[in-house]
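Here is how the chains run, residue by residue.
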Amino acid sequence: MAEIYLAGGCFWGLEEYFSRISGVLATSVGYANGQVETTNYQLLKETDHAETVQVIYDEKAVSLREILLYYFRVIDPLSINQQGNDRGR
């Protein structure tokens, strides 16, 4: 079992996307890399956290490379402050 944390706009959409991939065992959402230790959805603009998805997966069923290939199908790593319809830092 392995895990990775990924950010890519709305965490609800990204969580649903990864939950449908064979070999993914669990997903959960949260916040990462802000200016303070904790935040909530209403404070994101002030705390500068990113909406993040934890993906727990079976390395025997799906590789990290495959997880990242799935990820880059739905996010644009060159987009600044926007993923899909989500805008903001």
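Residues numbered from 1 in each chain as written. Predicted model: local features only at pLDDT ≥ 70, side-chain atom pairs only at ≥ 80, totals over all residues. Heavy atoms only, no water.

Peer 1: It is not clear to me how the sheet that holds strand β3 (residues 50-57) should be interpreted in this structure. Could you clarify?
Peer 2: The strands that make up a sheet pair up through hydrogen bonds in the backbone, lying either parallel or antiparallel. Taking strand neighbours across the sheet as the criterion, the three strands line up as β1-β3-β2 in an open arrangement whose pairing is antiparallel. Across the chains shown, the open sheet's two edge strands, defined by having one partner strand only, are β1 (2-7) and β2 (24-32). Each strand axis lies, on average, 20° off the axis of its neighbour in the sheet, ignoring direction. Its contacts with the sheet put helix α1 (residues 11-19) on β1, β2 and β3, and the angle it makes with β2 is roughly 165°. (Pairing = 2+ DSSP bridges. Helix = DSSP H or I, 4+ residues; strand = E, 2+ residues; numbered from the N terminus. Axes fitted to C-alpha atoms, helices over the stretch in contact; angles between N-to-C directions. Contact = heavy atoms within 4.5 Å.)

Peer 1: Would you take a moment to explain the packing of α1 against helix α3 (residues 64-74) for this structure?
Peer 2: At a closest axis distance of 11 Å, the pairing of α1 and α3 adopts a crossing angle of 135°. The pairing of α1 with α3 is recorded here as oblique in orientation. The way α1 lies across α3 gives a crossing that is right-handed. Contact residues: α1 offers L14, Y17 and F18, while α3 offers I67, Y70, Y71, R73 and V74. When its residues are assigned to classes, the contact of α1 with α3 shows seven nonpolar, no polar and one charged. (Parallel < 35°, antiparallel > 145°, perpendicular 65-115°, else oblique. Left-handed = near helix turned anticlockwise from the far one by under 90°. Nonpolar A, V, L, I, M, F, W, Y, C, P; charged D, E, K, R; others polar.)

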